[in-house]
Amino acid sequence: MPSLLPAAPAEPQPNEPARPGPRKTLTLPKQRERLMHITVTREEVTHLREVVMQSCHCVCFMRMSPLDHARRMCLCLCVQAEAVPMVMDAVMWALPQAEFGLRQS
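Residues numbered from 1 in each chain as written. Predicted model: local features only at pLDDT ≥ 70, side-chain atom pairs only at ≥ 80, totals over all residues. Heavy atoms only, no water.

Asks: Account for unusual backbone geometry, with residues named and values stated.
Replies: A positive phi angle is found at His 69, which is not glycine, with a value near 55°. Looking at the secondary structure, you find His 69 in the loop between strand 2 (59-67) and strand 3 (72-80). For His 69, a relative accessible area of 74% puts it in the exposed group. Backbone geometry places Ala 70, a non-glycine residue, at a positive phi of 65°. (Helix = DSSP H or I, 4+ residues; strand = E, 2+ residues; numbered from the N terminus. Buried < 20%, exposed > 50% of the residue type's maximum accessible area, 1.4 Å probe, protein only.)

Rendered as structure tokens:
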């Protein structure tokens with residue numbers, strides 16, 4: 001009678017050398033979005049949001065987080081990878097004191 005359990009993989013015997021098989025390379029899909037963190041003072045937040053929305057219409061989401069008891073604000077953006085240089089140029093031009101962080105999402 002056949003077994004319903006899967007067959008156990010054959011283990012190499014101690015007297016047989018292990019045979020190296022072809023290695024499978026794992027390829028991950030290229031992510032098209034980047035997560036940007038832009039930090040500015042609280043007085044510049046409105047101007048920063050205007051600059052971002054005018055420079056790029058491909059913002060997936062935008063979140064604001066207070067830092068240092070709300071003296072500074074961190075704007076978290078998810079934008080398409082192609083739009084990152086455009087957003088960075090626009091923000092650096094309008095707010096040269098802004099701090100940037102970039103991650104792959």
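Resuming the write-up.
Asks: Tell me what's going on with helix 2 (residues 84-94), and back it up with residues and numbers.
Replies: Where helix 2 is concerned, the buried positions are Val 84, Val 87 and Val 91. Buried residues along helix 2 cover an arc of 70° about the axis, so they all sit on one side. Exposed positions of helix 2 whose direction lies more than 90 degrees from the buried face are Asp 89 and Trp 93. (Arc of directions from axis to C-beta.)

Asks: Report on the environment of His 37, specifying residues and quantitative values.
Replies: In this structure, His 37 sits in strand 1 (residues 33-41). Placed 38 residues apart in sequence, His 37 and Leu 75 show a C-alpha to C-alpha distance of 5.7 Å. Sequence-distant contacts of His 37, that is, excluding residues within four places in its chain, are made with Cys 74, Leu 75, Cys 76, Glu 99, Phe 100, Gly 101 and Arg 103. (Contact = heavy atoms within 4.5 Å.)

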